[in-house]
Amino acid sequence: MSKRYLFTSESVTEGHPDKVCDQISDTILDAILAQDSSSRVAAEVVVNTGLVLITGEITSKAQVNFVKLVREKIAEIGYVHGDNGFSADSCSVLVALDEQSPDISQGVTSAQEQRTKLSDDQLDQIGAGDQGIMFGYACNETPELMPLPISLAHRISLQLATVRKSGKLSYLRPDGKTQVSVAYEDGKPVGIDTILISTQHTENIGDISENSAVQKKISDDLWELVVTPVFADLTIKPTQETRFLVNPTGKFVVGGPQGDSGLTGRKIIVDTYGGYSRHGGGAFSGKDPTKVDRSASYACRYVAKNIVAAGLADKCEVQVSYAIGVARPVSVFVETFGTAKVDEEIILDAINKHFELRPAGIIQTFDLRTLPGSRNGRFYQEVAAYGHFGRNDLDLPWEKLDKVSVLKEYL
């Protein structure tokens, strides 16, 4: 007997208050690493009505105008209208930063002093900056090897921002959330049950002011210009039975930091796999790559994606754990949910032989410290909205499939 169930994932637009914070944090990280690649950064941001607070710990030789940087990023996101209660030109920007504790940094400081390729022995001497557990995941539900629900939720959020910025739907404002419920049978996606979009908008749309008429206009426009293009190249599409919900409370005029405060690192499930895979609990944004919360999560995705792409399994979840000051992972775990084509012990052996999971080795493999400088000061901020994984629109080192050929030999 077949098993049928629904799985739901959500995404948020770049104007969501928490995502505003993530993007500011990673814009700060980009700017600092572009000037000084050995910088240690843990930048936290809080936003509220008319206020941006930057806090955390930064140790760097870089000279950054934080206020200017913040205002430019807020304007890029789209908060340029005074009626939002939060605008790039008028918000207050407060800066309260400290240097990182030397007790925390001592395990990885030597890594920052190196400017040449590190030897295997040197990689063994450079420990993790903290303890923790990290997960990576991949499955063959989509071309980018991501779960379908989060992939669709991100696509819709990104398209929502695209039609707003292009002027096609000029009445939209930056804040928004999406949610997609996918129907599964025996572990395979078979249909779209529900699509939910909540999007901030102006009080009136043209000469339409009656609430019911405004809602119908928004719903019709979103279906035509957001939902339909997203599904144009997909095999699974909405049907007449698919529920389409738009701004279920009736309207969404007050939003962004005026409607709710925001905080860096509060959308970790949106950033990863939409709840489809386990999560170690550590956020990404604002952290330089010596923080294994970020770099090791990228490495785990790289491992899992190459395993699935090589055909060793249809689904793969990889966990690593670290101890502060210790280079090699305390543990490595692989789970294929009964989809493996070879024994999981063989897959684990392949991981240990062919993938670099030491913190300094991950940084070196992906070139994580110098990427902002090589890409005009923009790298980490690009993944701070619409997901860190499965981004075919970006050239991300942890999304590469350069281990597929060697892994296929294990078949």
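Overview of the structure. (Residues numbered from 1 in each chain as written. Predicted model: local features only at pLDDT ≥ 70, side-chain atom pairs only at ≥ 80, totals over all residues. Heavy atoms only, no water.)

1. Description of the overall build of the protein
Line of reasoning, step 1. Of the regular secondary structure elements, the protein holds 15 helices and 11 strands.
Line of reasoning, step 2. Computed over the C-alpha atoms, the radius of gyration of the protein is 22 Å, within 12% of the 22 Å expected from 2.2 N^0.38 for a compact globule of 411 residues.
Line of reasoning, step 3. Projected onto its principal axes, the C-alpha positions of the protein cover 70 × 60 × 30 Å.
Line of reasoning, step 4. A separation threshold of at least 6 residues defines the contact pool for the protein, and within that pool the share at least 24 residues apart is 74%.
Line of reasoning, step 5. As displayed, the protein offers around 17200 Å² of accessible surface, 49% of which is attributable to carbon and sulfur atoms. (Helix = DSSP H or I, 4+ residues; strand = E, 2+ residues; numbered from the N terminus. Rg over C-alpha atoms; globule rule 2.2 N^0.38 Å. Contact = heavy atoms within 4.5 Å. Areas by Shrake-Rupley, 256 points an atom, 1.4 Å probe, with all protein chains shown as cover.)

2. Things to note about the pattern of salt bridges
Line of reasoning, step 1. As enumerated under the stated definition, the model contains 28 salt bridges in all.
Line of reasoning, step 2. The closest approach of N and O atoms between aspartate 18 and lysine 267, which form a salt bridge, is 3.2 Å. Of this pair, aspartate 18 sits in helix H1 (residues 17–35) while lysine 267 sits in the loop between strand E9 (262–263) and helix H9 (268–271), and the two are 249 residues apart along the sequence. Residues aspartate 18 and lysine 267 agree in their burial class; the two are buried.
Line of reasoning, step 3. Between glutamate 399 and arginine 301 there is a salt bridge, with the nearest N and O atoms lying 2.9 Å from each other. Of this pair, glutamate 399 sits in the loop between helix H14 (380–383) and helix H15 (404–408) while arginine 301 sits in helix H10 (residues 292–309), and the two are 98 residues apart along the sequence. The exposure classification of glutamate 399 matches that of arginine 301, with both residues buried.
Line of reasoning, step 4. What emerges from the salt-bridge pattern is a single network uniting Lys73, Glu76, Arg378 and Glu382. (Salt bridge = Lys/Arg side-chain N within 4 Å of Asp/Glu carboxyl O. Buried < 20%, exposed > 50% of the residue type's maximum accessible area, 1.4 Å probe, protein only.)

3. What about helix H6 (residues 148–166)?
Line of reasoning, step 1. Spanning 19 residues, H6 covers 27 Å between terminal C-alpha atoms, matching the ideal 27 Å at 1.5 Å per step.
Line of reasoning, step 2. Phi turns positive one or two residues past the end of H6, at glycine 167, with a value near 90°. (Expected span 1.5 Å × (residues − 1).)

4. Structural notes on the sheet that holds strand E8 (residues 243–246)
Line of reasoning, step 1. If you trace the four strands from one edge of the open sheet to the other, you get E1-E6-E7-E8, paired in mixed fashion. Single-partner strands in this sheet number two, and they are strand E1 (4–12) and E8. The average angle at which neighbouring strand axes cross in this sheet is 15°, direction not considered.
Line of reasoning, step 2. As paired elements, strand E7 (residues 188–201) and E8 share four bridges and run parallel to each other. In the strand pairing of E8, isoleucine 197 is matched with valine 246.
Line of reasoning, step 3. Its contacts with the sheet place helix H7 (residues 211–231) against E7 and E8, and it is angled at close to 135° to E7. (Pairing = 2+ DSSP bridges. Axes fitted to C-alpha atoms, helices over the stretch in contact; angles between N-to-C directions.)

5. Focus: the sheet that holds strand E11 (residues 331–335)
Line of reasoning, step 1. Taken in spatial order, the three strands make up an open sheet running E5-E10-E11, and their pairing is antiparallel. A single partner strand is all that each edge strand has here, and the edge strands are strand E5 (132–139) and E11. Each strand axis lies, on average, 15° off the axis of its neighbour in the sheet, ignoring direction.
Line of reasoning, step 2. In this structure, strand E10 (residues 315–322) lies alongside E11, joined through five bridges in antiparallel fashion. In the strand pairing of E11, valine 320 is matched with valine 332.
Line of reasoning, step 3. Packing against the sheet, helix H11 (residues 344–354) makes contact with E10 and E11, and its axis sits at approximately 135° to E11.

6. A few points about unusual backbone geometry
Line of reasoning, step 1. Positive phi outside glycine occurs at aspartate 367, with the angle close to 60°.
Line of reasoning, step 2. Relative to the helices and strands, aspartate 367 is located in the loop between helix H12 (359–366) and helix H13 (371–374).
Line of reasoning, step 3. Look at asparagine 376: it is not a glycine, yet its phi comes out positive at around 55°.
Line of reasoning, step 4. Locating asparagine 376 in the fold gives a position in the loop between H13 and H14.
Line of reasoning, step 5. Overall, asparagine 376 belongs to the exposed group, its relative accessible area being 76%.

7. Some words on H11
Line of reasoning, step 1. What H11 keeps buried is the set Ile347, Ala350 and Ile351. End-on view of H11: buried residues confined to an arc of 100°, all on one side of the axis. Of the exposed residues in H11, the ones pointing more than 90 degrees away from its buried face are Glu345 and Lys353.
Line of reasoning, step 2. The secondary structure elements touched by the buried residues of H11 are H10, E10, E11 and H15.
Line of reasoning, step 3. Near the N-terminus of H11, the side chain that reaches the backbone nitrogen of glutamate 345, with its oxygen 2.8 Å away, is that of aspartate 343. (Arc of directions from axis to C-beta. Polar contact = N/O pair within 3.5 Å; in protein donor to acceptor, adjacent residues only side chain to side chain.)

8. Examining the packing of H6 against H7
Line of reasoning, step 1. Where H6 contacts H7, the axes come no closer than 9 Å and their chain directions differ by 135°. Relative to H7, H6 is oriented oblique. Note on packing geometry: the crossing formed by H6 with H7 is right-handed. Between H6, through Leu152, Arg155, Ile156, Gln159, Leu160 and Val163, and H7, the contact on the second element is made entirely by Leu222, Leu225, Val226, Pro229, Val230 and Phe231.
Line of reasoning, step 2. Looking at the contact of H6 with H7 residue by residue, the class counts come to 10 nonpolar, one polar and one charged. (Parallel < 35°, antiparallel > 145°, perpendicular 65-115°, else oblique. Left-handed = near helix turned anticlockwise from the far one by under 90°. Nonpolar A, V, L, I, M, F, W, Y, C, P; charged D, E, K, R; others polar.)

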